[in-house]
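Coordinate inspection notes
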Amino acid sequence: KNLLADRVKTLTPSTTLAITAKAKAMKAEGIDVIGLGAGEPDFNTPRNILDAAIDSMEKGLTKYTPAGGLPVLKEAIINKLQRDNNLAYTPGEVMVGVGAKHVLYTLFQVILNKGDEVIIPIPYWVSYPEQVKLAGGVPVYVEGTAEQQYKITPEQLREAITDNTKAVIINSPSNPSGMIYNQQELAALAAVAVEKDILIVSDEIYEKLVYGGITHHSIAQVSQEVKARTIVVNGVAKSHSMTGWRIGYAAGDAAIIKAMTDLASHSTSNATTTAQYAAVEAYNGSQDAVEHMRQAFEGRLATIFPKVAAIPGFSVLQPQGAFYLLPDVAEAAKHTGYESVDAFVSALLTEAKVAVIPGSGFGAPNTIRLSYATSLELLEEAVRRMDEFVKAKW
Ligand code: PLP
């Protein structure tokens, strides 16, 4: 008998986690590897948030919560959406889940029928296609080329839509490209979604990490009509350096939110209670730490960007947000004698002792993703190693 269900037969593990695991194993063997694979801020969770979590536990608030989240957390999220994004929601339009990742998973489970198509712009976050497929959906890829700043155009979106299209995913600021859609671009994409009557899944997890004076806009802000067909997904992981706490949320149509909540009631019951109390403080307390971390990332980017751009055969766009660089290294791979960027990435790890993520996992096989969520000292050393590696083999 088959041990496994058909549904998981094509499931591929997250490339990001795989490389990070390999780099960690090398480190455990005593090899001096620098990991630039991380998808998480390197800061501690701010003190006031830790205190709020401890305080809630000491008060005995350690029991189940409503499946869709603590009322007090929903209220904090509603206030945050109003304050930061000028978006008004009611508690019935918000659900709290186990990180934005699981919220997205739950969302695709409740909106997709077998064969429904979801438009995923390339380069994409690794989990979108797998989550869509696990829900019986079909990923339809649209390429945002480097010439388009890794963003898709309204014309591309329109062309990709068929009678089976259920939704399009917009991730701005983007992982892995760091690019941000401006207001006009969002409005133009939204107009197509309205015209063709499809949902918009807006993953705004990197909202707070924006640089160069750029402001983040949610596509739901375009109009009431657009907001009605948009599910905003966000969380505390990247903004408040709370990746391990696993708190994310969705805001949107009440029927979708109710279905997600009902599904959660049979799968997770609720996101960890202590983590929910921590998230209340994250949204209601001082936001100083958020800005402090943003500035740190911006400072690192300013130092590291010109150095990465100067490595022979690396071609890289200046990112506007998140904490990744996505250089196209096809030229460097070719000149140093590797038949693919994946092979180049393997050699970087074993020979230069620098772990980066191959872009093949993001649908952009000529690129690599470097995370600058690590100390400036390590970043500079990693870039020096990559530069030396490429120059030695050129
Ligand atoms: N969306 C994107 C684009 C991400 O990069 C990540 C984290 O890597 C997530 C969602 C998931 O965030 P969370 O830790 O809240 O599940």
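Scoring rules and cut-offs
Residues numbered from 1 in each chain as written. Predicted model: local features only at pLDDT ≥ 70, side-chain atom pairs only at ≥ 80, totals over all residues. Core = buried A, V, L, I, M, F, W, Y, C linked by C-beta atoms within 7 Å. Buried ≥ 20, exposed ≤ 12 C-beta atoms within 10 Å, placed from the backbone. Domains from an automatic or database assignment. Contact = placed C-beta atoms within 7 Å. Helix = DSSP H or I, 4+ residues; strand = E, 2+ residues; numbered from the N terminus. Near = placed C-beta within 6 Å. Nonpolar A, V, L, I, M, F, W, Y, C, P; charged D, E, K, R; others polar. Right-handed = clockwise from strand over helix to strand, strands pointing away. Pairing = 2+ DSSP bridges. Axes fitted to C-alpha atoms, helices over the stretch in contact; angles between N-to-C directions. UniProt positions renumbered as here; feature names shortened; annotations may be inferred. Arc of directions from axis to C-beta.

Okay, the nonpolar core next. Among the nonpolar cores identified, the biggest contains 124 residues, and Ala250, Ala278 and Val354 are the most heavily contacted of them. Shared between two domains, this core takes at least three residues from each, and those domains are domain 1 (6-44 + 289-393) and domain 2 (63-284). Residue contacts for Ala250: discarding those within four places in its chain leaves Met95, Val103, Leu107, Ile231, Val232, Val233, Ile257 and Met260.

Moving on: the domain arrangement of the protein. As far as domains go, the protein holds domain 1 (6-44 + 289-393) and domain 2 (63-284). For domain 1 and domain 2, the distance between their C-alpha centroids amounts to 26 Å. Listed by partner, the interface residues are 32 residues for domain 1 and 31 residues for domain 2. At the level of secondary structure, the elements contributing two or more residues to the side of domain 1 that touches domain 2 comprise α1 (15-28) and α11 (288-309).

Let's shift gears to the site of the ligand. Neighbouring the ligand are 13 residues; Gly99, Ala100, Lys101, Asn175 and Ala237 lie closest to it. Top contributing element to the shell around the ligand by residue count: helix α4 (residues 99-111), with three residues. By residue class, the composition of the shell around the ligand is four nonpolar, seven polar and two charged.

Summarising burial for strand β3 (residues 117-122): five of the six residues are buried, a large majority. With respect to chirality, the unit in which β3 leads through helix α5 (residues 127-134) into the neighbouring parallel strand β4 (residues 138-143) is right-handed. As defined by bridge partners, β3 adjoins strand β5 (residues 165-171) across three bridges and the pair is classed as parallel. Across the sheet, residue Glu117 finds its bridge partner in β5, namely Thr165.

Think of a sheet as strands paired side by side through backbone hydrogen bonds, with each pair either parallel or antiparallel. Pairing is mixed across the open sheet formed by seven strands, whose spatial order is β2-β8-β7-β6-β5-β3-β4. On the outer flanks of this sheet lie β2 (94-97) and β4, each paired with one strand and no other. Direction aside, the axes of adjacent strands within the sheet are offset by 20° on average.

This next bit is on the UniProt feature "domain: Aminotransferase class I/classII large" (unreviewed entry) in the protein. In the UniProt entry, the feature "domain: Aminotransferase class I/classII large" (unreviewed entry) is given for residues 32-385. Secondary structure content for residues 32-385 is 42% helix and 14% strand, and the end C-alpha separation is 12 Å.

The next point concerns the environment of Ile169. Considering the arrangement of structural elements, one finds Ile169 in strand β5. Separated by 150 residues in sequence, Ile169 and Ile19 have C-alpha atoms that sit 25 Å apart.

The next point concerns α5. Along α5, the residues that are buried comprise Tyr128, Pro129, Gln131 and Val132. The buried side chains of α5 occupy one side of the element, clustering within an arc of 165° when seen end-on. In this structure, the buried side of α5 is in contact with α4, β3, β4 and β5. Phi for Gly136, located one or two positions after α5, is positive at around 85°.

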